[in-house]
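# An overview of the molecular structure
Take a look at the letters that make up each chain.
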Amino acid sequence: MISNAARAAFSRLFSPEFRAVFMKTLGLTVLALVALWFALTGLVDWLALPWVHSLLPGLPSWAGWLSGIIAAIALAFGMALLIAPVTAIVAGLFLDDIAEVVERTDFPGDPAGRAMPALRSLVLSVKFLGVVILGNIVALLLLLVPGINIAAFFIVNGYLLGREFFEFAAMRFRPEGEARVLRRKYAGTVFLAGLLITAFLAVPLLNLLTPLFAAAMMVHLHKAIGARESARR
């Protein structure tokens, strides 16, 4: 069930409809990162550099130039870490577009899902951003515990990302409470799907496609679980 959903989602990543969504996501992500860069550099020039000069008065002129280079390198490193979270929050605004493409092309005979209101979509994207940040903070702390290492990153993110994306796909067809009950019933399957999403998230550049892949895969997974539930009735 998971392998079929993952294969179908991966094949969708290169379709023209997905490329259109990805280009919108990438464009807005670049604009957001540029705005963040100017905001952070302005903050460094306003707060950090004057603080260094006041703490260490009488520094030679080359010291200010060197500190500027160090600050730029630190900012560039910070921006690299922000690429995945910023992409996540931007892509969250287009998850319904992704789900609609998958439902229309892969399940043409089924009723279409309900798109979330704009405010709910924004809340979901912010929530997803929080999940990514929190999950990586927890995983980073767990990495300090001997014997856990990289497994912490996959376990924490696999659970959180699997939960959020499955409930998103399910809520297009079910009330929020029912979506959560279904997710808990198939917790193991959803967690394994979340591990695949985490594998995407862990690969540089490929992580830009994580929200698209995750949304498409969870639409397929929810359809397969829904069909299984209907067959049991």
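The present account deals with the structure reproduced in this document. (Residues numbered from 1 in each chain as written. Predicted model: local features only at pLDDT ≥ 70, side-chain atom pairs only at ≥ 80, totals over all residues. Heavy atoms only, no water.)

This part takes up a nonpolar patch on the surface. Taken together, Leu93, Leu119, Leu122, Val123 and Val126 make up a surface patch of nonpolar side chains, about 440 Å² in accessible area. Of note, leucine 122 is situated in helix H5 (residues 118–142). Given the relative accessible area of 41%, leucine 122 is considered partly exposed. (Patch = residues over 30% accessible without salt bridge, like charges linked within 9 Å, V, L, I, M, F, W, Y side chains within 5 Å. Areas by Shrake-Rupley, 256 points an atom, 1.4 Å probe, with all protein chains shown as cover. Salt bridge = Lys/Arg side-chain N within 4 Å of Asp/Glu carboxyl O. Helix = DSSP H or I, 4+ residues; strand = E, 2+ residues; numbered from the N terminus. Buried < 20%, exposed > 50% of the residue type's maximum accessible area, 1.4 Å probe, protein only.)

Turning to the side chain of histidine 220, a few remarks are in order. Looking at the secondary structure, you find histidine 220 in helix H9 (residues 210–232). Accessibility expressed as a relative area gives 12% for histidine 220, which makes it buried. There is a polar contact of 2.7 Å between the side chain of histidine 220 and the side chain of aspartate 106. Apart from residues no more than four positions distant in its own chain, histidine 220 is found in contact with Ala5, Ala8, Val102, Asp106 and Phe107. (Polar contact = N/O pair within 3.5 Å; in protein donor to acceptor, adjacent residues only side chain to side chain. Contact = heavy atoms within 4.5 Å.)

This structure, assessed with the given rule, holds nine salt bridges. The closest approach of N and O atoms between lysine 223 and aspartate 110, which form a salt bridge, is 3.3 Å. Of this pair, lysine 223 sits in helix H9 while aspartate 110 sits in the loop between helix H4 (95–106) and H5, placing them 113 residues apart in sequence. Judged by relative accessible area, which is 38%, aspartate 110 ranks as partly exposed. Several salt bridges converge on common partners, so that one network encompasses Glu167, Glu176, Arg180 and Arg183.

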